[in-house]
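# Close look at the chain arrangement
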There are 2 protein chains.
Amino acid sequence: MSGKPTMNDVARTAGVSLKTVSRVVNGEPSVTPDLAARVRAAVESLDYRPHLGASMLRRNDRRTRMIGVLLEDVANPFSGALHRAIEDAARDRGVHVLTGSLDEDEQRERDLARAFRQRQTDGLIVAPAGSDQSYLSRFTGTPIVFVDRPPSGFGADTVVSTNVAGAAGAVRHLVAHGHRRIAFLGDYQRRATARERFRGYLQALGHRPGPVVHDVRGEVAAERATLALLRRADAPTALFTGQNLITIGAVRALQRIGLHQSIALVGFDDFPLADLLDPPVTVVAQHPARMGRAAADALFERIDGHNGPPREIRVATTLIPRGSGEIRIAPAR
Amino acid sequence: MSGKPTMNDVARTAGVSLKTVSRVVNGEPSVTPDLAARVRAAVESLDYRPHLGASMLRRNDRRTRMIGVLLEDVANPFSGALHRAIEDAARDRGVHVLTGSLDEDEQRERDLARAFRQRQTDGLIVAPAGSDQSYLSRFTGTPIVFVDRPPSGFGADTVVSTNVAGAAGAVRHLVAHGHRRIAFLGDYQRRATARERFRGYLQALGHRPGPVVHDVRGEVAAERATLALLRRADAPTALFTGQNLITIGAVRALQRIGLHQSIALVGFDDFPLADLLDPPVTVVAQHPARMGRAAADALFERIDGHNGPPREIRVATTLIPRGSGEIRIAPAR
DNA sequence: ATGAAAGCGCTAACAA
DNA sequence: TTGTTAGCGCTTTCAT
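What you see is a predicted model; the values in this text were computed from it and never measured.

All names here are of chain B. Of the two faces of strand 4 (residues 144-147), the one lined by Ile144 and Phe146 and the one lined by Val145 and Val147 are each fully buried. Direction of pairing for strand 3 (residues 123-126) relative to strand 4: parallel, over a ladder of 3 bridges. When the sheet's bridge partners are listed, Leu124 is paired in strand 4 with Ile144.

The strand order across the open sheet formed by 12 strands is 11(A)-5(A)-4(A)-3(A)-1(A)-2(A)-2(B)-1(B)-3(B)-4(B)-5(B)-11(B), and the pairing between neighbours is mixed. Both edges of this open sheet fall to strand 11 (312-315) of chain A together with strand 11 (312-315) of chain B, since each of them pairs with a single strand only. The mean angle between the axes of side-by-side strands here comes to 20°, regardless of whether they run parallel or antiparallel. Of the strand pairs in this sheet, strand 1 (residues 66-71) of chain A and strand 3 (residues 123-126) of chain A are connected by 4 bridges, and their pairing is parallel. Opposite Val69 of chain A, over in strand 3 of chain A, you have Ile125 of chain A as the bridge partner.

As a measure of interface size, the accessible area lost when the parts come together is often cited. Taken together, the contact between chain A and chain B spans 51 residues of the former and 51 residues of the latter. By the criterion of area lost to chain B, the three top residues of chain A are His96, Arg119 and Leu276 of chain A, representing 15% of everything that side buries. Across the chain A-chain B interface, the total number found is 8 salt bridges. Of the charged contacts in the structure, one is a salt bridge between Arg138 of chain A and Asp47 of chain B, with a shortest N-O distance of 3.2 Å. Where chain A packs against chain B, one counts 20 residue pairs in polar contact (both at pLDDT 80 or more). Within the residue set of the side of chain A that touches chain B, elements represented by two or more residues are helix 4 (52-58), helix 5 (77-92), strand 2 (96-101), helix 6 (106-118) and helix 10 (244-256) of chain A. Its residues placed into classes, the side of chain A that touches chain B shows 21 nonpolar, 13 polar and 17 charged. As paired elements, strand 2 of chain A and strand 2 (residues 96-101) of chain B share 3 bridges and run antiparallel to each other. Bridge pairing in strand 2 of chain B links Val97 of chain A to Thr99 of chain B.

Residue and element names in this part refer to chain B. Taken together, 6 strands build an open sheet; the order of strands is 7-6-8-9-10-12 and the sheet is mixed. With one partner strand each, in any of the chains shown, strand 7 (212-213) and strand 12 (318-320) form the two edges of the open sheet. Judged from the 3 bridges that link them, strand 10 (residues 282-285) and strand 12 form a sheet pairing that is antiparallel. Opposite Val284, over in strand 12, you have Leu319 as the bridge partner.

Glancing now at the pattern of salt bridges. The full count for this structure, using the stated rule, is 61 salt bridges over all chains. Where Arg23 of chain A meets Glu28 of chain A, a salt bridge forms, and the shortest distance between an N and an O atom there is 3.7 Å. Ionic pairing is found between Arg217 of chain B and Asp187 of chain B, a salt bridge with its closest N-O pair at 2.6 Å. Of this pair, Arg217 of chain B sits in the loop between strand 7 and helix 9 (218-231) while Asp187 of chain B sits in the loop between strand 6 (182-185) and helix 8 (192-205), and the two are 30 residues apart along the sequence.

If you check the shell around DNA strand C, you find 26 residues, and the closest are Met7 and Tyr48 of chain A together with Thr20, Thr32 and Arg58 of chain B. The sugar-phosphate portion of DNA strand C accounts for 66% of its atoms within 4 Å of the protein, the bases making up the rest. A distance of 2.5 Å is found between a phosphate oxygen of DNA strand C and a side-chain nitrogen or oxygen belonging to Tyr48 of chain A. Between DNA strand C and the protein, one listed contact pairs a phosphate oxygen with a backbone N or O atom of His51 of chain A at 2.8 Å. Listing elements by their share of the surface near DNA strand C, those giving two or more residues are helix 2 (18-25) and helix 4 of chain A together with helix 2 (18-25) and helix 4 (52-58) of chain B.

Our focus in this paragraph is empty space enclosed by the protein. Under the criterion given, the structure shown has 4 cavities of 30 Å³ or more. Looking at the largest cavity, the residues that line it are Val251, Leu254, Gln255, His260, Ile263, Leu265, Leu277, Asp278, Pro279, Val281 and Ser324 of chain A. With 3 residues, the top contributor of residues to the lining of the largest cavity is helix 10 of chain A. In terms of residue class, the lining of the largest cavity is made up of 7 nonpolar, 3 polar and 1 charged. By volume, the second largest cavity amounts to about 60 Å³. Lining the second largest cavity are Val251, Leu254, Gln255, His260, Ile263, Leu265, Asp278, Pro279, Val281 and Ser324 of chain B. Take the lining of the second largest cavity: its biggest share by element is 3 residues, from helix 10 (residues 244-256) of chain B. When its residues are assigned to classes, the lining of the second largest cavity shows 6 nonpolar, 3 polar and 1 charged.

On to a negative patch on the surface. Residues and elements named next belong to chain B. The grouping of Asp105, Glu106, Asp111 and Asp132 at the surface amounts to a negative patch. Within the fold, Asp105 resides in the loop between strand 2 and helix 6 (106-118). Taking relative accessible area as the criterion, Asp105 reaches 31% and is therefore assigned partly exposed.

Reading guide: rules and limits
Residues numbered from 1 in each chain as written. Chains lettered and ligands numbered in written order. Predicted model: local features only at pLDDT ≥ 70, side-chain atom pairs only at ≥ 80, totals over all residues. Heavy atoms only, no water. Buried < 20%, exposed > 50% of the residue type's maximum accessible area, 1.4 Å probe, protein only. Helix = DSSP H or I, 4+ residues; strand = E, 2+ residues; numbered from the N terminus. Pairing = 2+ DSSP bridges. Axes fitted to C-alpha atoms, helices over the stretch in contact; angles between N-to-C directions. Contact = heavy atoms within 4.5 Å. Buried area = accessible area lost by both parts, 1.4 Å probe. Salt bridge = Lys/Arg side-chain N within 4 Å of Asp/Glu carboxyl O. Polar contact = N/O pair within 3.5 Å; in protein donor to acceptor, adjacent residues only side chain to side chain. Nonpolar A, V, L, I, M, F, W, Y, C, P; charged D, E, K, R; others polar. Near = heavy atom within 4 Å. 1 Å grid on protein atoms, 1.4 Å probe; cavity = no way out; pocket = protein on both sides within 12 Å on 5 of 7 lines; lining within 4 Å. Points joined across faces, edges and corners; volume = space filled by probe spheres on them. Patch = residues over 30% accessible without salt bridge, like charges linked within 9 Å, V, L, I, M, F, W, Y side chains within 5 Å. Areas by Shrake-Rupley, 256 points an atom, 1.4 Å probe, with all protein chains shown as cover. Lys, Arg positive; Asp, Glu negative; His and termini not counted. Charge placed at Lys NZ, Arg CZ, Asp CG, Glu CD.

So, in structure tokens, the structure goes:
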């Protein structure tokens, strides 16, 4: 009786059997109002809370009502928005969320996936860091949904942006403003998303692509790459940046050399305060909240027993013209 | 055998007793190498993973190696940074993190705190939404640490910024640049943090405060309040904004009426891209990563049995001059 | 060094 | 309607 009270303590206090307490706690109807009241009083006076772990151990459905979410980094805005949407969907169902940041580390992806599974999470939502998810094939009984990036070597529901169409739209937008030499600055090409965005870029430009820089990683690298690009003899008149941080790095570079009003820029993925910069940055916005919701919905369907083939859910992007993408090409003189 | 393998399945496969498997799995030394090898082989071949819930149920230390973290909103950058720092500290100890967003809803705070406790989390880190945490006094055996905001009606370790000193420093910075009419725009005064920042403002200005607007909530309200302030006869020459979103709202207002180069601004709490705005925004930066780490460290100390009186841990802020706060007062003409 | 029995807190299956 | 018994997967205690 010194530690937390158990069902047995409640039973003793209420003068009923253990099972009667269980019935009341679980809202089974077949209990006399009189007894139920006594049980509830005992629960109240002892401040008894059922032990979910113990109950789940014995229960037939074996649900922990807990899911695991593996994100790139819970501190970045995109991951944060995904996380929040998943949390909201989970809350509607009384499910709690375990999270972990992967930092592009595939070892951590495997470790965390295993650890969460070992905690009997009812399912997993994964924004993959590694380039091989085949280790998940042993995860029988734990539904998995991928988000933001498609998996390799393992099939499951996947929620991703319309990367090709979004990138192509961005580049066509620049073409419509008179640009012909449009540069591409993109993330690691080993990532499917980066490849897709590059594909969209190529698609929009037909067979006349501009200068291309792949495998740009992070803001600082993007700033450097942009500066290098603009010093070239065939310097582009417009930039298409394939990712968040690359866009910000490019903005820094343009401001630094005073070309922010003359070189056009469209970035893939929106970011906070993009509309407050000078000029405001035109982006292809992804919709992380919709993506998170879609991923959670898909996961819960699977948890509820849906058993169809893997689905690919594409979430449309939105071009948001704000200024930087509408800079027209300087008239030849 | 159709579901996940249990320790018993492993024992049968390896031809040893259940307890021997338990010993091997838990790394107890007293097992013959020969038997240990057989057990490990069986574990491997069955892909056996111990059931953490079951083990924790029987174990003496009763640790789930899971903590709960209640934040304002996992999607906002400050909460995200806190969360990430806590996650990193937890990972060092093999602990996993359950999170929940409170959205300033005190009901949700109580519900989630209870729910996490019911899941036997080893401890809780709470950024309180409500103005009364006395319900936590029933949470015996579950250590709690507060972060970002102090609790009311319940004593526990608390990690907060040096709000008074930070705010006073910001205002003195403006005074040093010639300003005398410095406005204060602050969050809900029922929040201790908002009150502290206001106190710092008053402290720096002695008994000659400028125009004050309290209870500004959100970006849009801040923009409106700023516009109203600047239309007044005694319009301030400088603004001190007591919170993130208020700062951004003020920036919008200043840009909109073209006063961003003439009215000085210092904001409490840094935000992404503040340095890319025009002018770059001077802020009193908080250090959410340090705060999260400090909160996690304090919590783990408590979990490990430390039993001293509640501690208040203050994390120093940093004034980051970027431009907006160094605008000098326009010479009288 | 190994194993058998008991039991963590709870629910399923069955009985009264 | 209520209670009894068994047992979820594991660790403890105590015997061998």
